[in-house]
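What follows is each chain in one-letter form.
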Amino acid sequence: MRWTRNLIPTMKESPEGAEIPSHVLMLRAGLVNQVMAGAYTYLPLGLRSLRKAERIVREEMDAAGAVELLMPAITPLSLWEQTGRVEAFGDVLIQFTVRRQNRKVPMALGPTHEEVITDLVAHFISSYRQMPITLYQIQTKFRNEERPRFGVLRTSEFLMKDAYSFNTSVASLDESYDAMYRAYCRIFDRCGLTYLPVEAESGPIGGDASCEFMIPADNGEDTVAHCPDCGYAANLERAEIGTRDCAPPDVKLEAVKKVATPAAGSIAQVTAMLGCKAESMIKTLIYMADGQPIAVLLRGDREANEGKIRRAAGAERLELAEPDVIQRVTGAPVGFAGPVGMAEKIPLWADRDLLAMRNCVTGANEADMHVTGVNLGRDFNVPEDHFGDLRNATSGDPCPRCSSRLTLRHAIEVGHVFKLGTKYSEALSARFLDAEEQLHPIIMGCYGIGINRILAGLIETCHDASGIIWPVALAPYEVLLVPMKVTDEPTMKVADDLYARLRQAGIDVLMDDRDARAGVKFNDADLIGIPLRVVIGPRGLKEGKLEIKWRWESGAEMIDLETAVEQIADLIAEERAEATRFRARQAAEA
RNA sequence: CGGGGCGUGGCGCAGUCUGGCUAGCGCGCCUGCUUUGGGAGCAGGAAGUCGGAGGUUCAAAUCCUCUCGCCCCGACCA
């Protein structure tokens, strides 16, 4: 492809509104253009990278034995009603009706396709002999995001690979799941991504085992807890905290004292007013567990983890209590609850941190009052089996698997594999007959990859001050030919010849045939990040040489014109296969 | 949905508080000459309903009301 025949609108300045590197660079390099909040046009360069990511995903899915099909983006609303997901998705589901003659047909744009695929399978799979099978598609998904942001990282329309496995047993599901897990590792490896498989909540979609593939990045929306020593990694919602020595400090127990704290209902207000530390406060949260109020005690500076609390309490549903419930239960408005005397009213649960606390400050269960000098065991008690890990991990917490400590990192989620079970097969009657002529619901697994996020995640973690640094696998073009002087006939003759022969050798070549100054071309070359830059100029040609330079290296190298095509083809072939040079650069960065 | 910010040629911005001549600047674009290995110089030129509607005023980019859009933080979320 010749630059002058393409549409590559590079920009020197970054449009206002773009803040994170991947967004800025995708705009500046002319990869995408925003159409509205959460919707982007992929320009020629961006589309080529997107297609390359898509192709890698497709190849590895095929290699893992999955079978491709394509489901529609428009779906009948009735399908979503059958599984109760009209309510579950809420406004995220894009619904509309179309008029057909004298009736109205309610539809939804697919935010994911469990319903459609399960309905399909219910029609065509009825025997254990037809399984296991894994079906997948690469399709545009639609989610009315409350707040689209970060360029193509969170949009209302995005390209997703979604796969679904159908199995007759849990053991078989495990095999399908493992095959997908391994395929995901190969996909992200091939894309040159540095990623982390992390334990995750399966979320409202249901299921029991779940793993997210995360790209550690400062601008990621998710938080993962990671142990650099043993490799334990989990989504913050899921991350366990190792037990540590809970021995309380050997200090003299103070007497309980009631103090006035007018209008100070938050930890921050109380610490400011009383001059105490959040670490010495007991935060008392009133939750409704399946409709029954419970009190949860946490150290003042900790965040509650509702998933952990819900599991500890053995509840199906858990939500913070409404103000009127809190008033009734504690006898005080929101912000003044405390554990003293609470056990007589409602069940108490406590985070293990409480065991190490002495002389605490906490709510007095009375408006505008707190108490100090409160001590576990003397002033209130929590049943032994009601202590547990109920909070979010923080950096420096003990690793649950080894003796090291957890670090918290932001990350971008690019993939998710999880075991679905029979939620959808039961709702949509996808059943099979086993060898004993018994009817069972099909056991499902579900596996997604955000294709757009592969690109954004790569750019987010792989760029420098000048622009994007693509690995060969995802680069829109593998080689950029830069003739230094397009008006010079000998130069252009060599350039045209190289261009034709490299293309013949099966290499994706872009030739910057613009009549522009060297600086302009070099800067754009760095910005769009093509891995191998080949400079053809009168200066080198005099010696029968060309200059080649990898985007991620600072120095260039002169090669003989005679053997240039073979040399370049060999280099690209090597990088395609192993990405050795690209990886070495990344390792050096880290 | 709560809080904050921004809408002025294709892009980035100044001007708005304190209303007043023909709405400026940089980049980009077009023409010509010179230049030519890391974002060239000179000269000339095209291009703007100042997001939209209504109002106040002799006069509105500027003040008032409403409205639309975009971005950030939070809440929410496959």
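All values derive from a computational prediction rather than experimental measurement. (Residues numbered from 1 in each chain as written. Chains lettered and ligands numbered in written order. Predicted model: local features only at pLDDT ≥ 70, side-chain atom pairs only at ≥ 80, totals over all residues. Heavy atoms only, no water.)

Caption draft 1: Quick peek at empty space enclosed by the protein. Under the definition given, this model contains 1 cavity of 30 Å³ or more. Considering only enclosed or pocket space, the largest cavity measures out at about 50 Å³ in volume. Of all the secondary-structure elements, those providing two or more residues to the lining of the largest cavity are helix H13 (518–528) and strand S30 (545–550). (1 Å grid on protein atoms, 1.4 Å probe; cavity = no way out; pocket = protein on both sides within 12 Å on 5 of 7 lines; lining within 4 Å. Points joined across faces, edges and corners; volume = space filled by probe spheres on them. Helix = DSSP H or I, 4+ residues; strand = E, 2+ residues; numbered from the N terminus.)

Caption draft 2: Expanded view of the sheet that holds strand S6 (residues 103–109). With antiparallel pairing, 3 strands are arranged side by side in an open sheet as S4-S6-S5. Two strands bound the open sheet, and with one partner strand each, they are strand S4 (74–76) and strand S5 (94–100). Ignoring strand direction, the axes of neighbouring strands in this sheet form an average angle of 45°. Relative to S6, S5 runs antiparallel, the two being bridged by 7 bridges. Looking at the pairing, Gln95 lines up with Ala108 of S6. (Pairing = 2+ DSSP bridges. Axes fitted to C-alpha atoms, helices over the stretch in contact; angles between N-to-C directions.)

Caption draft 3: Region of the structure containing the environment of Gly388. Tracing the sequence through the fold places Gly388 in strand S20 (residues 387–388). Distance in space between the C-alpha atoms of Gly388 and Trp349 is 7.9 Å, their sequence separation being 39 residues. Not counting the four nearest positions on each side in its chain, Gly388 is found in contact with Ala350, Asp351 and Arg352. (Contact = heavy atoms within 4.5 Å.)

Caption draft 4: The domain arrangement of chain A, seen in detail. Under the domain assignment, chain A is made up of domain 1 (15–240 + 409–459), domain 2 (257–387) and domain 3 (470–589). Here the C-alpha centre of domain 2 lies 39 Å away from the C-alpha centre of domain 1. Contact with domain 1, which involves 6 residues of that partner, is made by 4 residues of domain 2. Taken over both partners, the interface formed by domain 1 and domain 2 buries close to 300 Å², and the fraction arising from carbon and sulfur atoms is 22%. (Domains from an automatic or database assignment. Buried area = accessible area lost by both parts, 1.4 Å probe.)

Caption draft 5: Seen up close, the pattern of salt bridges. Inspection of the entire model under this criterion finds 39 salt bridges. Glu115 is the salt-bridge partner of Arg85, the closest N and O atoms lying 2.8 Å from each other. In this pair, Arg85 is assigned in helix H4 (residues 85–89) and Glu115 in helix H5 (residues 114–124), connecting sequence segments 30 residues apart. Owing to a relative accessible area of 4%, Arg85 belongs among the buried residues under this scheme. Across the salt bridge formed by Arg581 and Glu574, the nearest N and O atoms sit 3.0 Å from each other. Since its relative accessible area comes to 24%, Arg581 is described here as partly exposed. By relative accessible area, which is 41% here, Glu574 ends up partly exposed. (Salt bridge = Lys/Arg side-chain N within 4 Å of Asp/Glu carboxyl O. Buried < 20%, exposed > 50% of the residue type's maximum accessible area, 1.4 Å probe, protein only.)

Caption draft 6: Up close: the nonpolar core. One finds Phe188, Val479 and Leu481 to be the most contacted residues of the largest nonpolar core, which totals 95 residues. Sort the elements by how many residues they give to this core and helix H6 (residues 170–190) lands first, with 7 residues. Built from parts of two domains, this core gets at least three residues from each of domain 1 (15–240 + 409–459) and domain 3 (470–589). Val116, Ile117, Leu420 and Cys446 belong to the second largest nonpolar core, which has 25 residues in total. (Core = buried A, V, L, I, M, F, W, Y, C linked by side-chain atoms within 4.5 Å.)

Caption draft 7: The environment of Ile187, seen in detail. Mapped onto the elements, Ile187 comes out in helix H6. If near-sequence neighbours (up to four positions away) are discounted, Ile187 is found in contact with Ile56, Val57, Glu60, Met61 and Ile449.

Caption draft 8: View of the packing of helix H2 (residues 44–63) against H6. Interhelical geometry of H2 versus H6 gives an angle of 150° and a closest axis separation of 9 Å. As the angle between them shows, H2 and H6 are arranged roughly antiparallel. H2 and H6 meet at a crossing whose hand is right-handed. When H2 is examined against H6, the residues Ile56, Val57, Glu59, Glu60 and Met61 are found in contact with a partner set consisting of Met180, Ala183, Tyr184, Arg186, Ile187 and Arg190. (Parallel < 35°, antiparallel > 145°, perpendicular 65-115°, else oblique. Left-handed = near helix turned anticlockwise from the far one by under 90°.)

Caption draft 9: Here's a closer look at helix H9 (residues 323–330). Those residues of H9 lying buried are Val325, Ile326, Val329 and Thr330. Looking down the long axis of H9, one finds its buried residues gathered within 105° of arc, a one-sided arrangement. In H9, the exposed positions angled more than 90 degrees off the buried face are occupied by Asp324 and Arg328. Buried-residue contacts for H9 involve strand S14 (282–289) and strand S15 (292–299). Downstream of H9 by a residue or two, Gly331 has a phi angle that is positive, lying close to 75°. (Arc of directions from axis to C-beta.)

Caption draft 10: The sheet that holds S20, seen in detail. Judged by pairing direction, the sheet is mixed, and its 5 strands sit side by side in the order S16-S14-S15-S17-S20 without closing on themselves. The sheet terminates laterally at strand S16 (318–320) and S20, the two strands that pair on one side only. For S14 and S16, the ladder comprises 3 bridges, and the chain directions are antiparallel. Its bridge partner lying in S16, Ala289 is registered against Leu318.

Caption draft 11: Spatial organisation of the packing of aromatic side chains. Applying the stated rule across the entire model yields 10 aromatic pairs. Considering the side-chain rings of Trp80 and Phe89, the 6.1 Å spacing of their centres and the 75° angle between planes classify their relative orientation as edge-to-face. Here Trp80 and Phe89 have matching classes, each one buried. Between Phe188 and Phe213 the ring centres are 5.5 Å apart and the planes differ by 45°, which places this aromatic pair in the tilted class. Of this pair, Phe188 sits in helix H6 while Phe213 sits in strand S10 (residues 210–216), placing them 25 residues apart in sequence. The exposure class of Phe188 is buried, given its relative accessible area of 0%. Given a relative accessible area of 0%, Phe213 falls into the buried group. Pairwise contacts between aromatic rings join Tyr181, Tyr184, Phe188, Tyr195 and Phe213 into one cluster. The ring of Trp3 carries the charged tip of Arg514 above its face, separated from the ring centre by 3.9 Å. (Phe/Tyr/Trp six-rings, centres within 6.5 Å; stacked < 30°, edge-to-face > 60°. Lys NZ or Arg CZ within 6 Å of the ring centre and 35° of its normal.)

Caption draft 12: Region of interest: the side chain of Asn359. Looking at the secondary structure, you find Asn359 in the loop between strand S17 (348–351) and strand S18 (360–363). The residues contacting Asn359, other than those within four sequence positions of it, are Val251, Lys252, Leu253, Glu254, Ser280, Gly373, Val374 and Asn375.

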